[in-house]
Amino acid sequence: MQAGKPILYSYFRSSCSWRVRIALALKGIDFEMVPVNLIKDGGQQFSKAFQALNPMKQVPTLKIDGITIHQSLAIIEYLEETRPTPRLLPRDPKKRASVRMISDLIASGIQPLQNLSILKKVGEETQLTWAQNAITSGFNALEQILQSTAGKYCVGDEVTMADLCLVPQVANAERFKVDFTPYPTISCINKRLLALEAFQVSHPCRQPDTPTELRA
């Protein structure tokens, strides 16, 4: 690996990792990818080597500028502060608050409830229903919020951190067969975002660790 090049520890299907991959793509940051398979060998994130890197045993983890950062939103905020072009947080403090509110709603209020670690504890028979309920509960609130904040994207007409959270969560919802009929705003924004190059190159179906049968 090249000295000084950021290193992203990622899993192709991890929605949190996808958020960071989108940010890196949007900001044109060249990086090395180290796949961490969350399923193989009982989960490579539980290895002693990875736990030394990230005590929470989660992806993504980013090594950059001589430091190691965990948690996707903390990573994105660091990238924003150190590499501010293009902006992912609006200059206007009210819009910036909306971006953070939506990001936190998804990253704290939806995604953790349908995460792999939780689904393992729920039990195989009820996993689908559990995930659907967790996502629809959050999407009911999100759809209402977006109706007042959205332009082309989640907050106005520029791509923001909120959009980086939205698209991976919609992909999760699709995987868990959530009915999108009640969510026209979410669906419309997601469709626009998926047409952008940064969202395409970072997509789970185009990663180095994507299984052959899931590649696009």
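Predicted, not measured: the structure shown is a model, and the values here were computed from it. (Residues numbered from 1 in each chain as written. Predicted model: local features only at pLDDT ≥ 70, side-chain atom pairs only at ≥ 80, totals over all residues. Heavy atoms only, no water.)

S.K.: Can you break down the environment of Arg215 residue by residue, with the values?
M.R.: Structurally, Arg215 is set in the segment after helix H9 (197-201). For Arg215 and Asp92, which are 123 residues apart along the polypeptide, the C-alpha to C-alpha distance reads 39 Å. Non-local contacts of Arg215, meaning those with residues more than four positions away in its chain, are made with Cys205, Arg206, Gln207, Pro208, Asp209 and Thr210. Of note is the side chain of Arg215, whose polar atom sits 3.3 Å from the backbone oxygen of Pro208. (Helix = DSSP H or I, 4+ residues; strand = E, 2+ residues; numbered from the N terminus. Contact = heavy atoms within 4.5 Å. Polar contact = N/O pair within 3.5 Å; in protein donor to acceptor, adjacent residues only side chain to side chain.)

S.K.: Residue-level account of the UniProt feature "domain: GST N-terminal" (unreviewed entry) in the protein chain, with values.
M.R.: The UniProt record marks residues 4-87 with the feature "domain: GST N-terminal" (unreviewed entry), using the residue numbering of this structure. End C-alpha to end C-alpha, residues 4-87 measures 23 Å, and it is 35% helix and 19% strand. (UniProt positions renumbered as here; feature names shortened; annotations may be inferred.)

S.K.: Residue-level account of the UniProt feature "domain: GST C-terminal" (unreviewed entry) in the protein chain, with values.
M.R.: Listed under "domain: GST C-terminal" (unreviewed entry) in the UniProt record, and renumbered for this structure, are residues 92-212. Along residues 92-212, the helical share is 64% and the strand share 0%, with 44 Å between the first and last C-alpha atoms.

S.K.: How would you explain the pattern of salt bridges if you had to name every residue and give the values?
M.R.: Considering all chains together, one arrives at five salt bridges under this definition. Lys5 is the salt-bridge partner of Glu32, the closest N and O atoms lying 3.7 Å from each other. Taken together, the positions of Glu32 in strand E2 (residues 32-35) and Lys5 in the segment before strand E1 (7-10) put the pair 27 residues apart, joining distant regions of the chain. Lys5 gets classed as buried once you look at its relative accessible area, which sits at 15%. Its salt-bridge partner being Glu80, residue Lys27 comes within 2.8 Å of it at the nearest N-O pair. In this pair, Lys27 is assigned in the loop between helix H1 (15-26) and E2 and Glu80 in helix H3 (residues 72-82), connecting sequence segments 53 residues apart. The pair formed by Lys27 and Glu80 is uniform in burial state, with each residue classed as buried. (Salt bridge = Lys/Arg side-chain N within 4 Å of Asp/Glu carboxyl O. Buried < 20%, exposed > 50% of the residue type's maximum accessible area, 1.4 Å probe, protein only.)

S.K.: Tell me about the sheet that holds E2, and name the residues and values.
M.R.: Taken in spatial order, the four strands line up as E2-E1-E3-E4 in an open sheet, and their pairing is mixed. Edge positions in the open sheet fall to E2 and strand E4 (67-70), since each of these has one partner strand only. The average undirected angle you get between the axes of adjacent strands in this sheet is 20°. Examined bridge by bridge, E1 and E2 share four bridges and lie parallel to one another. Pairing of Ile7 across the sheet is with Glu32, part of E2. Of the strands in this sheet, strand E3 (61-64) and E4 are in contact with H3, which crosses E4 at around 130°. (Pairing = 2+ DSSP bridges. Axes fitted to C-alpha atoms, helices over the stretch in contact; angles between N-to-C directions.)

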